[in-house]
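Chain by chain, the residues:
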Amino acid sequence: MTDFEMASRKSYSKCFPTTKQRGCYFHLMKAIWKKIQTIPEMQKLYKEIIIFSSKIRYFASLSFIPPSDVCDAYEKILKLDFFVKNNQIIFPFLTYFEETWIGTKKRGRRYLGESVEEA
């Protein structure tokens, strides 16, 4: 189990090519929090509104499902009413999450929502 530093992951793969690497949930949450801190409005809501922070943690929960189901589960999360209504606030985070953790293959399905609600 490692953090998500590419240099260390590549080094482990080179030295131990048959070993299956797994990421650490703590470091995943740390990376998510670090990104949230770069989006002032999202950071404020995350700190002040428990429902908001709970919903954002759905993304980290994707690490507990089989890799073959992650993209479909991610799409289902994005279709939840909360994420549709708050799309403009969380759009920078979603872009980061897709580019860093999911991949951008299905990105064209997402759109900027019209209404913005706090929670």
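As annotated in an unreviewed UniProt entry, the protein carries the name MULE transposase domain-containing protein and comes from Macrosiphum euphorbiae.

Draft legend 1. View of the nonpolar core. Counting residues in hydrophobic clusters, the biggest one holds 27 residues, and the most contacted among them are M42, F52, I56, F59, F93 and F97. Among the secondary structure elements, those contributing two or more residues to this core are α2 (25-36), α3 (40-48), α4 (50-56), α5 (58-61), α6 (70-79), α7 (81-85) and α8 (87-102). In terms of residue count, α8 provides more of this core than any other element does, seven residues in total. For I56, the contacting residues outside a window of four places in its chain are I36, M42, Y46, F83, I90 and F93.

Draft legend 2. Summary view of the pattern of salt bridges. Scanning the model with the defined rule gives two salt bridges in all. E48 serves as the salt-bridge partner of K44, at 3.0 Å between the closest nitrogen and oxygen. Here K44 pairs with E48, and both are found in helix α3, just four residues apart, close to one helical turn. By relative accessible area, K44 is classed as partly exposed at 49%. Judged by relative accessible area, E48 falls into the exposed class, the value being 55%. Put simply, D81 and K85 hold a salt bridge, and the shortest N to O gap is 2.8 Å. On the criterion of helical spacing, the pair formed by D81 and K85 is a turn pair, its members being four residues apart in helix α7. Looking at D81, the relative accessible area reads 48%, which means it is partly exposed. With relative accessibility at 27%, the residue K85 sits in the partly exposed group.

The rules behind each value
Residues numbered from 1 in each chain as written. Predicted model: local features only at pLDDT ≥ 70, side-chain atom pairs only at ≥ 80, totals over all residues. Heavy atoms only, no water. Core = buried A, V, L, I, M, F, W, Y, C linked by side-chain atoms within 4.5 Å. Buried < 20%, exposed > 50% of the residue type's maximum accessible area, 1.4 Å probe, protein only. Helix = DSSP H or I, 4+ residues; strand = E, 2+ residues; numbered from the N terminus. Contact = heavy atoms within 4.5 Å. Salt bridge = Lys/Arg side-chain N within 4 Å of Asp/Glu carboxyl O.

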